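Structural overview for review
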Amino acid sequence: MSRPTIAGVARAAGVSVASVSRVLNGLPATEEMAERVRRAVDQLGYVPDSRARSLKVGRTFQLTLAVADVGNPVYVTMMRAVEEVVSAAGYRLVVTTTGPDVVDEVALVRGMARGYADGLVISPLRVDDDLIKSIQECDVPVVVAGNVPAKAGVDTVRANSPKGMTLAVEHLVARGRRRIAFLNGPADTVPGEARAKGFADALRAHKLQPAAQVEAVDFTFAAGRAAAPQLLTSQFDAVIAANDLLAVGLMHELAAAGLDVPKDVALVGMDDSELAEQCFPPLTSVNLGSAERGRRAAELLLARIEDGERSPRRIIVQPSLSVRRST
């Protein structure tokens, strides 16, 4: 049985091939014509040839989202938001993992020259001059969901991690906690650097010294558990973790050490992912707007695809605090 064609749809609908093409591509058409075309498409089981469409308009109608770890709940939330925006605009979304090394991020950006996507949203864990240069020279539009220098001249959407840390510290101080420790991920990463600075500034504003500062090997649950013994050598009544995965990993080790959360130790995470509500006790966490960052990044990418000459935009998404039983 031969595959239905656009000409067959036109005959069944009693309209021209050009009219069918207009309806299928979302161009202006009368409601009566659009309904006839849709009815014929359903009747014949016609599926547009995306390869032919791509060749005709010079686009793949495919976009890429690159994150460090697709298993991290915050990236899952971001992915859903990006997919919702781009699918409404007629694009498919491909999600890929870069890992923690900047060399792999650079390789991915340079690989966009192969033409398998019309644009890229990348959330880099580490940023260096090579990555910035590869983004500036990329053959397709790139939006960074993260922090790069303004002089880079690229569209960016980032969280306000320092303000988020201020919210966390103010909340703990209001709860009567004074010996506040910090469990960070690698400090040479974009989030690690921003959150460490925010923690130091927030404590200084309250004339407090850190009870302890420990750097985990990465931002995972396992890393949070592994870093706990080093933290447990200190005296503290509260801990802020650089993300929810680290916080929940630490929570397990605090329980194993016989410490009650929040009676003995108040615990705050960052990202306010689904995990924060699923753990026990539920985790107080700073919401850094991962869904909003994904949505805004997708909108910037679509705008850049349509107008490559527009001035770069830098958007900062403000945080909020979700208070739960861990504090």
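Notes on the structure in this doc start here. (Residues numbered from 1 in each chain as written. Predicted model: local features only at pLDDT ≥ 70, side-chain atom pairs only at ≥ 80, totals over all residues. Heavy atoms only, no water.)

Brief notes about the overall build of the protein chain
Let me state the cut-off plainly: Each helix is a run of DSSP H or I of at least 4 residues and each strand a run of E of at least 2, with the numbering of both proceeding from the N terminus. Between buried and exposed lies partly exposed: a residue is buried under 20% and exposed over 50% of the maximum accessible area for its type, with that area taken using a 1.4 Å probe on protein chains only. Pairs of residues are marked as contacts when any of their non-hydrogen atoms sit within 4.5 Å. For the charge count, each Lys or Arg is scored as positive and each Asp or Glu as negative, with His and the chain ends excluded. For the purpose of locating charges, the reference atoms are NZ of Lys, CZ of Arg, CG of Asp and CD of Glu.
Secondary structure assignment for the protein chain yields 13 helices and twelve strands. Projected onto the principal axes, the alpha-carbon positions of the protein chain cover approximately 80 × 40 × 30 Å. The buried share of the protein chain, taken over its 327 residues, is 50%. Counting only contacts in the protein chain whose residues sit at least 6 apart along the sequence, the fraction spanning at least 24 positions is 70%. The averaged location of the 38 negative side-chain charges in the protein chain is 4 Å from the averaged location of its 38 positive side-chain charges.

With respect to the pairing of strand S2 (residues 92-97)
The test is simple: At least two DSSP bridges between two strands are needed for those strands to be called paired. Look down the strands so they point away from you; if going from the first strand over the helix to the second traces a clockwise path, that crossover is right-handed.
As paired elements, strand S1 (residues 62-67) and S2 share six bridges and run parallel to each other. Paired with Leu65 across the strands is Val95, a residue of S2. On the question of chirality, the crossover connecting S1 to the parallel S2 by way of helix H5 (residues 73-88) is right-handed.

Some thoughts on the packing of helix H8 (residues 161-174) against helix H9 (residues 190-205)
The angle between the axes and the distance between the axes are what describe a pair of packed helices. Spelled out, the test is: Where helices are involved, their axes are fitted lines through C-alpha atoms of the stretch in contact, as for all axes, and angles between N-to-C directions lie from 0 to 180°. The scheme is simple: roughly parallel for angles under 35 degrees, roughly antiparallel for over 145, roughly perpendicular for 65 to 115, oblique for anything else. The hand of a helix crossing depends on one turn: near helix anticlockwise from the far one by less than a right angle means left-handed, and clockwise means right-handed. Classification used: nonpolar for Ala, Val, Leu, Ile, Met, Phe, Trp, Tyr, Cys and Pro, charged for Asp, Glu, Lys and Arg, polar for all others including Gly.
Between H8 and H9, whose axes approach to 8 Å, the crossing angle comes to 45°. Considered as vectors, H8 and H9 are oriented oblique to each other. Judged by the sense of rotation from one axis to the other, the crossing of H8 with H9 is right-handed. Across from Ser161, Pro162, Met165, Thr166 and Val169 in H8, the residues of H9 making contact are Ala194, Arg195, Gly198, Phe199, Ala202 and Leu203. Here the residues of the contact of H8 with H9 are counted per class, giving seven nonpolar, three polar and one charged.

Focus on the sheet that holds strand S9 (residues 266-270)
Taken in spatial order, the six strands of this open sheet run S7-S6-S8-S9-S10-S12, and their pairing is mixed. The sheet is open, and its two borders are formed by strand S7 (212-215) and strand S12 (320-322), each paired with just one other strand. Across this sheet, the average inter-strand angle for adjacent strands is 20°, counted without regard to direction. Strand direction decides the pairing type here: S9 and strand S10 (residues 284-287), joined by three bridges, are parallel. Pairing of Gly269 across the sheet is with Ser285, part of S10. Of the strands in this sheet, strand S6 (180-184), strand S8 (238-241), S9, S10 and S12 are in contact with H8, which crosses S9 at around 165°. Relative to the sheet, H9 contacts S6, S7, S8 and S9, its axis offset from that of S6 by approximately 170°.

Functional significance is not addressed by these values, which are geometric in nature.
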